[in-house]
Every structure is written in C-alpha cells, then in structure tokens.
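What follows is each chain in one-letter form.
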Amino acid sequence: MNQPQTDLQAVPSAPPLPVLLRNIALSVFLFSLVLFVLLSLSYALLLPLFTRVQVGGTPRDATGVRAYQSALAADILALERERDTSVLPLLDPAHETLKGSRRSLPSFEELREDIRRLAAALVPEPDAIHIEALRLRVADRVLEIEGDVRNVGPRSMTVLARFTDELARLPGIASVDSPVFERREDPGTGMHSPFLLIVRLP
C-alpha cells in the first residue's frame, strides 16, 4: 500500500538580531534627526512667539519675566527698608546715637526746676529774677537762660552776679559763661538788668 507523499515546505528562519538592528538603525536615526530638528526649530522660533507676554508695558519671554521679577522684588525690598526706616525710627542707627546723647545729658525738666527754685529763693522780692526762656542746644551741650533781674532797684547787677555764681554750683552744670552786666531803665519794668546766660553742661 502506497503512502501519500507530503511536500514539506521549508520555513525560512528568522534573521539574527544583529542583522535586524542593522536594518532598522538607519530608519530610527533618520526619524530621530528629523524630530530633533523640528523640536529645535519650534523651541527657537515658535515657542517664543506663543510664550511672550506683556509685562510692565514690554513684551517679555519666560527668561525676561524671571529677570523682571527678580529686579522688581529687589526694588520692593529696598523701598520697604526705606519705609521702615522713615516710619520706624527705632530701626535707624541715628536713633541710637541720639538716645546716647540724651542719656548723657542731665534731665532738662529737673534742671529747669532747679534753676527756677534757685531764682525764687535767691532774693526775697517776688519775681526778682525773671526767666523768660530756657533753650537747650543738645549738639553743643549748652543751656541758654534768657531773662532779667527786676524789682530790686539799683542792686540788679549784684543780684545777677550772685545768681550766676550760684547757678554754676548746681549739680549737672559744668560752668556758666559770665554775662554782660548792664542796668537799663524801662517805663514798665523800671530799673532792671537783662541777661543771656550760657550754661555749659558736662
């Protein structure tokens, strides 16, 4: 009995992997090159056109916006410091200097009361040593006393000299410049001796 003959067709074998990679390498390279060129052109030419915005009246790209933001933040910080310095004097270094100068001076209120008490106690006549103004010049460490000696008749210059001597002995006073001694006749005040005393503070 004859067996049927079967034709066995040869199945082609798969190409080896190196050959396969070599065949597709050129296609992948060309695709990558074209994609790279297109992305580079869009980044350099198209992207700036679509990402440019109007900031501060000027069209800016992303890099320009970042630089503008940094400059704006620095300007705001500088203005805030200037505002804090003007509004809050405690932050100003000159404030500490002024505080030190003030602390080194005797109390103006206490000094004024001591001078008024001395003027009232020096002679029995009321308002004999009349003080019109007290001016403190902090920078020069000087106290100016302006007024006149009145209601004591011809003794006005003597009372003024005594007041000057006693004034120099008060605590908180370094020295007193000798005033101009003169006697004047005034229709309202009568015989009086005006004075401007320069008191030096320590």
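First, a word on what this report is: a plain description of the structure on this page. Note that the coordinates shown come from a computational prediction; the quantities given were computed from them, not determined experimentally.

What counts and how
Residues numbered from 1 in each chain as written. Predicted model: local features only at pLDDT ≥ 70, side-chain atom pairs only at ≥ 80, totals over all residues. Heavy atoms only, no water. Helix = DSSP H or I, 4+ residues; strand = E, 2+ residues; numbered from the N terminus. Buried < 20%, exposed > 50% of the residue type's maximum accessible area, 1.4 Å probe, protein only. Contact = heavy atoms within 4.5 Å. Axes fitted to C-alpha atoms, helices over the stretch in contact; angles between N-to-C directions. Parallel < 35°, antiparallel > 145°, perpendicular 65-115°, else oblique. Left-handed = near helix turned anticlockwise from the far one by under 90°. Nonpolar A, V, L, I, M, F, W, Y, C, P; charged D, E, K, R; others polar. Core = buried A, V, L, I, M, F, W, Y, C linked by side-chain atoms within 4.5 Å.

**Examining the overall build of the protein chain**
Item 1. Helix and strand counts for the protein chain stand at five helices and seven strands.
Item 2. Each helix and strand of the protein chain, ordered N terminal to C terminal, gives the series α-β-β-α-α-α-β-β-α-β-β-β.
Item 3. A buried classification covers 20% of the 202 residues belonging to the protein chain.
Item 4. Sequence separation of 24 or more characterises 53% of the internal contacts of the protein chain that already satisfy a separation of 6 or more.

**Details of the packing of helix α4 (residues 108-122) against helix α5 (residues 156-168)**
Item 1. At a closest axis distance of 11 Å, the pairing of α4 and α5 adopts a crossing angle of 140°. When the axes of α4 and α5 are compared, the pair comes out oblique. The two elements α4 and α5 meet at a crossing, and its hand is right-handed. Contacts from Ile-115, Leu-118, Ala-119 and Leu-122 in α4 reach Val-159, Arg-162, Phe-163, Glu-166 and Leu-167 in α5.
Item 2. Taken together, the residues of the contact of α4 with α5 break down into seven nonpolar, no polar and two charged.

**Some details on unusual backbone geometry**
Item 1. If you check the backbone angles, Asp-127 has positive phi at about 55° while not being a glycine.
Item 2. Along the chain, Asp-127 turns up in the loop between α4 and β3 (129-137).
Item 3. Positive phi, normally seen in glycine, also occurs at Arg-141, with a value near 55°.
Item 4. With respect to the element layout, Arg-141 can be found in the loop between β3 and β4 (142-149).

**Considerations on the nonpolar core**
Item 1. Ranked by size, the top nonpolar core spans 25 residues in total, and within it Ile-115, Ile-129, Ile-145, Phe-163, Leu-167, Phe-195 and Val-199 carry the most contacts.
Item 2. Elements represented by at least two residues in this core include exactly α4, β3, β4, α5 and β7 (190-200).
Item 3. A per-element tally of this core places α4 first, with five residues.
Item 4. Leu-167 has contacts with Ile-115, Leu-118, Ile-145, Ile-173, Val-176, Leu-197 and Val-199, leaving out every residue within four places of it along the chain.

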